[in-house]
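# What the coordinates show
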Amino acid sequence: TANCEHFLQLQEKSLNLVKTNVEKTLQELYDKQIDLKSVSYSHFEDIVAELLINSGFEISQTPKTRDGGRDIIARAECGIGNYVTIAVEVKHKEKVGIPDIRNALEANRHYPQIMVVTSGTFSSEVIEEKKSQEKYLRLVL
């Protein structure tokens, strides 16, 4: 229960932080057709957090440095009273390669699932890695 209380406190802080800038940024991205590559890393991470919230996740953003290989912890109900917690790694770079994915998977091995989000693209090797039986359900791109 102490972990739940800590998670809820972090979530409340994150929600307040995210809602201040992201709604405006999302609207600007849409209205002005701004390329995600022109948005700062911090802003991009906030956009991802807001999209997760809008998809029904409870989120907690990790510190900007020494985040342990994850930028966001997302929690969602997956059945009555059953919750799943996943790690979300945000990559604000042109191309995400196999080393990025393998590092993220290793750093988050104790999470049942990891989502990697990028403002760029995933290499063909990453797409193939995702198709492997052992990573098909665990890795979300």
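Located above this text is the structure these notes cover.
What comes next is a walk through the structure.

This next bit is on the nonpolar core. Ranked by size, the top nonpolar core spans 18 residues in total, and within it Val 48, Leu 52, Phe 57, Ile 59, Ile 72, Ala 74 and Val 88 carry the most contacts. Of all the secondary structure elements, the ones that give two or more residues to this core are helix H2 (41-54), strand E2 (72-77), strand E3 (83-91) and strand E5 (114-118). At six residues, H2 tops the list of elements feeding residues into this core.

A separate point is the packing of aromatic side chains. Across all of its chains, the model carries zero aromatic pairs by this definition. For the cation-ring pair, Arg 75 lies above Tyr 83, with the distance from its terminal atom to the ring centre recorded as 3.8 Å. The positively charged end of Lys 130 is found above the aromatic ring belonging to Tyr 136, 4.7 Å away from the centroid.

Attention shifts here to the pattern of salt bridges. Summed over the entire model, instances satisfying the criterion amount to eight salt bridges. Salt-bridge contacts for Arg 75 lead to Glu 58; the nearest nitrogen and oxygen are separated by 2.8 Å. Taken together, the residues span a long stretch of sequence, with Arg 75 in strand E2 and Glu 58 in strand E1 (residues 58-61) at a distance of 17 residues. When the shortest N-O distance is used, the salt bridge between Lys 91 and Glu 89 registers 3.3 Å. Here the salt bridges share partners, and the residues they tie into one network are Arg 102, Glu 129, Glu 134 and Lys 135.

Parameters and conventions
- Residues numbered from 1 in each chain as written.
- Predicted model: local features only at pLDDT ≥ 70, side-chain atom pairs only at ≥ 80, totals over all residues.
- Heavy atoms only, no water.
- Core = buried A, V, L, I, M, F, W, Y, C linked by side-chain atoms within 4.5 Å.
- Buried < 20%, exposed > 50% of the residue type's maximum accessible area, 1.4 Å probe, protein only.
- Helix = DSSP H or I, 4+ residues; strand = E, 2+ residues; numbered from the N terminus.
- Phe/Tyr/Trp six-rings, centres within 6.5 Å; stacked < 30°, edge-to-face > 60°.
- Lys NZ or Arg CZ within 6 Å of the ring centre and 35° of its normal.
- Salt bridge = Lys/Arg side-chain N within 4 Å of Asp/Glu carboxyl O.

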